[in-house]
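Structural overview for review
Spelled out, the chains give:
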Amino acid sequence: MRIEHIAIWVTDLEAMRAFYETYFNAVAGEKYHNATKQFTSYFLSFTDGARLEIMHKPSIHASTDKAVNTGFIHFAMSVGSKEQVDMLTEKLRKDGYKITGEPRTTGDGYYESVILDPEGNQIEITI
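Residues numbered from 1 in each chain as written. Predicted model: local features only at pLDDT ≥ 70, side-chain atom pairs only at ≥ 80, totals over all residues. Heavy atoms only, no water.

Now for the pattern of salt bridges. All chains considered together, the criterion is met by nine salt bridges. The residue Asp95 makes a salt bridge to Lys91 at a minimum N-O spacing of 3.6 Å. Note that Asp95 is salt-bridged to Lys94, the shortest N-O span being 3.9 Å. For Lys94, a relative accessible area of 69% translates into the label exposed. One salt-bridge network, in which partners are shared between bridges, spans Glu14, Arg17, Glu21 and Lys31. (Salt bridge = Lys/Arg side-chain N within 4 Å of Asp/Glu carboxyl O. Buried < 20%, exposed > 50% of the residue type's maximum accessible area, 1.4 Å probe, protein only.)

In structure tokens, the structure reads:
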């Protein structure tokens with residue numbers, strides 16, 4: 001078995017699509033729109049086959065503090081090397097994104113940094 005995809009609610013569907021395309025080489029599928037439910041979404045595909053579904057519905061409101069809620073807290077994106085972790089972290093910093101964990105080797109042996117996407121979702125950038 002494998003995880004087929006993970007889904008997150010977003011406020012700005014197009015900005016989030018552009019973020020994942022720009023920084024993580026995601027490829028967006030066709031935009032889905034259900035007018036009756038006022039629901040729109042994209043499936044974003046990554047080179048290894050993993051997918052992220054970003055979804056928008058006007059009635060869904062943003063969480064006030066995503067870091068302290070139970071449930072989903074982050075996902076990790078593997079970029080292939082320590083140098084790539086460092087380079088992407090610096091590019092995101094330069095472009096104004098919040099770095100919440102500087103590049104480092106964790107106690108369990110991962111080399112990673114932690115950043116927030118435009119809507120505050122935590123992403124670990126790892127080898």
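On to the sheet that holds strand β8 (residues 111-116). One open sheet accounts for four strands, arranged β6-β9-β8-β7; its pairing is mixed. Among the strands making up the open sheet, the edge pair consists of β6 (74-78) and β7 (99-105). Strand-to-strand twist across the sheet, computed as the mean angle between neighbouring axes with direction ignored, equals 20 degrees. Running over the sheet, helix α1 (residues 13-24) touches β6, β8 and β9 (122-126) and is turned about 10 degrees from β9. In this fold helix α2 (residues 82-94) packs onto β7, β8 and β9, with an angle of close to 20 degrees to the strand it touches most, β8. (Pairing = 2+ DSSP bridges. Helix = DSSP H or I, 4+ residues; strand = E, 2+ residues; numbered from the N terminus. Axes fitted to C-alpha atoms, helices over the stretch in contact; angles between N-to-C directions. Contact = heavy atoms within 4.5 Å.)

Attention now goes to the packing of aromatic side chains. Applying the stated criterion to the full structure yields ten aromatic pairs. Relative to Phe39, the ring of Trp9 lies with its centre 6.0 Å away and its plane at 90 degrees, an arrangement referred to as edge-to-face. Remark: Phe39 occurs in strand β4 (residues 39-45) and Trp9 occurs in strand β1 (residues 5-9); sequence separation between them is 30 residues. Counting every residue linked through ring pairs, the aromatic cluster contains Phe19, Tyr20, Tyr23, Phe24, Phe72, Phe75 and Tyr97. Over the face of the ring belonging to Tyr42 we find Arg17, whose NZ or CZ atom lies 5.6 Å from the ring centre. Above the plane of the ring of Phe43 lies Arg51, whose end atom (NZ or CZ) is 4.1 Å from the centre. (Phe/Tyr/Trp six-rings, centres within 6.5 Å; stacked < 30°, edge-to-face > 60°. Lys NZ or Arg CZ within 6 Å of the ring centre and 35° of its normal.)

The terminal C-alpha atoms of α2 lie 18 Å apart, and with 13 residues this matches the ideal 18 Å at 1.5 Å per residue to within 8%. Contacts made by the buried residues of α2 are with α1, β7, β8 and β9. Looking at the residues trailing α2, positive phi occurs at Gly96, about 95 degrees. (Expected span 1.5 Å × (residues − 1).)

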